[in-house]
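Coordinate analysis (summary)
Take a look at the letters that make up each chain.
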Amino acid sequence: LLSVFLDPKYSRILIQHGNASIIGQSMDEFIRHHPALGQMCIDEMMVMVKSAPQVMQSLPVPSEPFCTNTLSEPVKLLPTHPEQHNSKHDNPTSIMLECICVFLEPIMLNEQHSSKLIQGGIVDGLIACLLSPGLGLEYPSSPSFHTLVHLFHRLSEVDAIGVLRT
């Protein structure tokens, strides 16, 4: 089921219609109501997050750069407001990472789930995703980055020492 988050064909659809968040909310409900299967679900999430950097490495880097600069011209970044972005600047790596983060966000609202994900190495997995070469220079101004920062903030609220240790 979670492999759909690692398929670039579905990332945009999952984000546009809020399905990634809905699936995350459903997964949270499932884990809370079926504790015997909870660890299996957490393990599957960890497999997905730890597999994501390798998948992101295989995604094509858009042919039109997000930032064009030489020493003689200023840096050109994407607009800072998401509503100003257009399809010409869509980045499959950024979209996939946003899809994963939007899925994880409702799950991490539960402190027990967050603790288990920290113990499973979620921080290392997310940082490995962040180091993907397909993320352009515009990434820090993207909605995906803001969601990722929110996840790190949430994880640090649950276990700051565990997050910093990784």
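Nothing here was measured: the structure is a model prediction, and the numbers come from that model.

What follows covers the overall build of the protein chain. Counting its secondary structure elements, the protein chain contains seven helices and zero strands. For the protein chain, the succession of helices and strands along the chain, N to C, is α-α-α-α-α-α-α. In the protein chain, buried positions account for 43% of the 166 residues. Summing over all exposed atoms, the protein chain offers an accessible surface of approximately 9000 Å²; the carbon and sulfur share of this is 58%.

Turning to the layout of surface pockets, a few remarks are in order. By volume, the second largest pocket is sized at about 160 Å³. Lining of the second largest pocket is provided by Leu1, Leu2, Ser3, Leu6, Met27, Cys41, Glu44, Val47, Met48 and Ser51. Among the elements that line the lining of the second largest pocket, the one with the most residues is helix H3 (residues 35–58), at five residues.

Another point: the state of the cysteines. Disulfide: a covalent bond connecting the sulfur atoms of a pair of cysteines. Overall, the coordinates contain zero disulfides when judged by the stated rule. This cysteine, Cys99, is not joined by any disulfide, and Cys101 carries the nearest cysteine sulfur, 9.4 Å off. For Cys99, a relative accessible area of 0% puts it in the buried group. With no disulfide of its own, Cys129 lies 7.5 Å from the sulfur of Cys101, the closest cysteine sulfur.

Rules and cut-offs
Residues numbered from 1 in each chain as written. Predicted model: local features only at pLDDT ≥ 70, side-chain atom pairs only at ≥ 80, totals over all residues. Heavy atoms only, no water. Helix = DSSP H or I, 4+ residues; strand = E, 2+ residues; numbered from the N terminus. Buried < 20%, exposed > 50% of the residue type's maximum accessible area, 1.4 Å probe, protein only. Areas by Shrake-Rupley, 256 points an atom, 1.4 Å probe, with all protein chains shown as cover. 1 Å grid on protein atoms, 1.4 Å probe; cavity = no way out; pocket = protein on both sides within 12 Å on 5 of 7 lines; lining within 4 Å. Points joined across faces, edges and corners; volume = space filled by probe spheres on them. Disulfide = S-S within 2.5 Å.

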